[in-house]
Amino acid sequence: MRTPRFPRSACYNPDWLIASASGGANALWLTEWLSEAIELEPGMRILDLGCGRAVSSIFLQREFGVDVWATDLWFSASENLARIRDAGVDSHVFPLQCDARSLPYAEGFFDAIVSIDSFVYYGTDDTYLPYIARFVRPGGVLAMAGAGLLREIDGVLPAHLREWWEPAMWSLHSAAWWRRHWEKPNLVTVERADAMPEGWRAWLDWQHAVAPDNFVEIRTLEDDRGEYLGYVRAVARRRLDVPLEEPIRSVPTQYTKHPMLRGDSRERSASRFPPLCRRGARLRRRMVREDPTPDRASAGGRAPGRGRAHRPSPLTSTSSTRKRHVARDRK
Ligand SMILES: C[S@@+](CC[C@H](N)C(=O)[O-])C[C@H]1O[C@@H](n2cnc3c(N)ncnc32)[C@H](O)[C@@H]1O
């Protein structure tokens, strides 16, 4: 539990740490490892995403003088507040219980977002980086560390991992995978993506200390010996030159009754387009007026296949098209 590799963590009482455990990793070791790859200065605003029992939040405040919003889904903010108060950091660490996919914070509020052994629960979705990036200021940092793979498993699961493996573990990935995953949307610059040297031993040591009867995990780590399992981290900086798309928070539509079946006497009188498609209907009427092609007129104004191509679908339209629809529907 006390290792020269993590001198800051070594100052904390192991009983306090074990009593505050909320997952399968030593939160102090992972936070110390991650903090070595980012510059933290007193007064910085940090979002600790998936903080569990807020051990990492307390550590970051005490060690670096930062202000931390300790945010977690499963663990109670009240329990965390008691721990934070006992640690004497309640004027700088603020616990909140909420979902990482539905955060209540202002855009650009944080100087850095850190996530310790938690990002895999929500962050593998391709839509998540564009979502979370908006909460850190341009030039701010997004950083995560946690259990992962030292190389991707592309085919069959190796035999020695099978007993321990669960379906959700397919969200474990290598540092190279995280680099690609974060680089794809072109919103951040990835500054670091690597694995902890001998990370599997740190994982195993922690298991022996906190859950010595977790035989399956211990046996799996011993059999694997760092072939697949270990700790990975990734650090990225939000780009200054790339503005983020405004998220769509709601689409103010209005229900209009339409005949459902063909042959209904009211079919002709009702609009055939739902509100979001009115632009398509207008566009088509204009095309009919402007285009004298004879088969258009005979085909009721639509050349086969052509009119359809101009009708925007709510599913396929870009968000800027949808925003124009919304603005028009509001009028
Ligand atoms: C393995 S625990 C790690 C906790 C803590 N960071 C630590 O290292 O001890 C994973 C944490 O992720 C959090 N989590 C999972 N899904 C989440 C979500 N959608 N939003 C916020 N937190 C989430 C859980 O509440 C849990 O505390």
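Keep in mind that this is a model prediction, so the values were computed, not measured.

Across its full length, the protein chain holds twelve helices and seven strands. Looking at the protein chain as a whole, 31% of its 331 residues qualify as buried. Counting only contacts in the protein chain whose residues sit at least 6 apart along the sequence, the fraction spanning at least 24 positions is 71%.

To continue, consider the packing of helix 2 (residues 27-35) against helix 3 (residues 55-64). Look at helix 2 against helix 3: their axes get within 9 Å of each other, and the N-to-C directions meet at 45 degrees. With respect to helix 3, the axis of helix 2 lies oblique. When you trace helix 2 past helix 3, the crossing you get is right-handed. Residues Ala 27, Leu 28, Thr 31 and Ser 35 of helix 2 lie in contact with helix 3, whose contacting residues are Val 55, Ser 56, Phe 59, Leu 60 and Phe 64.

Turning our eyes to something else, we now look at unusual backbone geometry. Phi is positive for Asp 117, close to 50 degrees, though the residue is something other than glycine. Assignment of secondary structure puts Asp 117 in the loop between strand 4 (110-116) and helix 5 (128-132). Assessed through the 23 C-beta atoms surrounding it within 10 Å, Asp 117 is described here as buried.

By size, the foremost hydrophobic cluster in this structure holds 67 residues, and its most contacted members are Leu 30, Ala 112, Ile 113, Leu 142, Ala 143, Trp 203 and Ala 234. Apart from the residues within four sequence positions on either side, Trp 203 is in contact with Ala 25, Ala 147, Leu 221, Leu 229 and Tyr 231.

Next up on the list: helix 2. Most of helix 2 sits out of view: nine of its nine residues are buried. What helix 2 keeps buried is the set Ala 27, Leu 28, Trp 29, Leu 30, Thr 31, Glu 32, Trp 33, Leu 34 and Ser 35. Residues of helix 2 that are buried sit in contact with helix 1 (14-19), helix 3, strand 4, strand 5 (136-149), helix 7 (199-210) and strand 7 (229-238).

Let us look at the pairing of strand 5. Across the 14 residues of strand 5, eleven count as buried, placing the element largely inside the fold. Both strand 4 and strand 5 contribute to a ladder of six bridges, which runs parallel. Bridge pairing links Ala 112 to Val 141 in strand 5. With nine bridges connecting them, strand 5 and strand 7 associate as antiparallel partners. Paired with Val 141 across the bridge in strand 7 is Arg 237.

So, on to the pairing of strand 3 (residues 93-97). Looking at chain direction, strand 2 (residues 67-72) and strand 3 are connected through five bridges and run parallel. Counted as the bridge partner of Trp 69 is Phe 94 from strand 3. Crossover handedness for the path strand 2 to helix 4 (residues 77-86) to strand 3: right-handed.

A separate point is the packing of helix 7 against helix 8 (residues 215-224). Closest axis-to-axis distance for the helix 7/helix 8 pair is 10 Å, and the angle between their directions is 155 degrees. In this view, helix 7 runs roughly antiparallel relative to helix 8, as classed from their interaxial angle. Helix 8 is crossed by helix 7, and the crossing has left-handed handedness. Only Glu 217, Ile 218, Leu 221, Glu 222 and Asp 224 of helix 8 make contact with helix 7, whose side of the interface consists of Trp 200, Trp 203, Leu 204, Gln 207 and His 208. Taken together, the residues of the contact of helix 7 with helix 8 break down into five nonpolar, two polar and three charged.

Scoring rules and cut-offs
Residue numbers here run from 1 along each chain, matching the order of that chain's written sequence. Owing to the predicted nature of the model, reporting of local features is limited to residues with pLDDT of at least 70; listing and counting of side-chain atom pairs is limited to 80 or more, with chain, interface and lining totals taken over all residues. Helix numbering and strand numbering both begin at the N terminus, where a helix is a DSSP run of H or I of at least 4 residues and a strand a DSSP run of E of at least 2. Every C-beta atom is placed from the backbone, and the number of other C-beta atoms within 10 Å of a residue's own sets its class: buried at 20 or more, exposed at 12 or fewer, partly exposed in between. The contact criterion used here is simple: two residues whose C-beta atoms, placed from the backbone, lie within 7 Å are in contact. Whenever a helix is involved, its axis is fitted only over the stretch in contact; in every case the axis is a line through C-alpha atoms, and angles between N-to-C directions fall within 0 to 180 degrees. Throughout, the term roughly parallel applies to angles under 35 degrees, roughly antiparallel to angles over 145, roughly perpendicular to angles from 65 to 115, and oblique to all others. Here a crossing is taken to be left-handed if its near helix is turned anticlockwise relative to the far helix by less than a right angle, and right-handed if that turn runs clockwise. To define a nonpolar core, we join buried Ala, Val, Leu, Ile, Met, Phe, Trp, Tyr and Cys residues through C-beta atoms within 7 Å and take the resulting set. Only when DSSP finds a minimum of two bridges between them are two strands counted as paired. By the criterion used throughout, a crossover qualifies as right-handed when its path from the first strand across the helix to the second strand runs clockwise, the strands pointing away from the viewer. Following the grouping adopted for this structure description, the nonpolar residues are Ala, Val, Leu, Ile, Met, Phe, Trp, Tyr, Cys and Pro, the charged ones are Asp, Glu, Lys and Arg, and the polar ones are all others, Gly among them.

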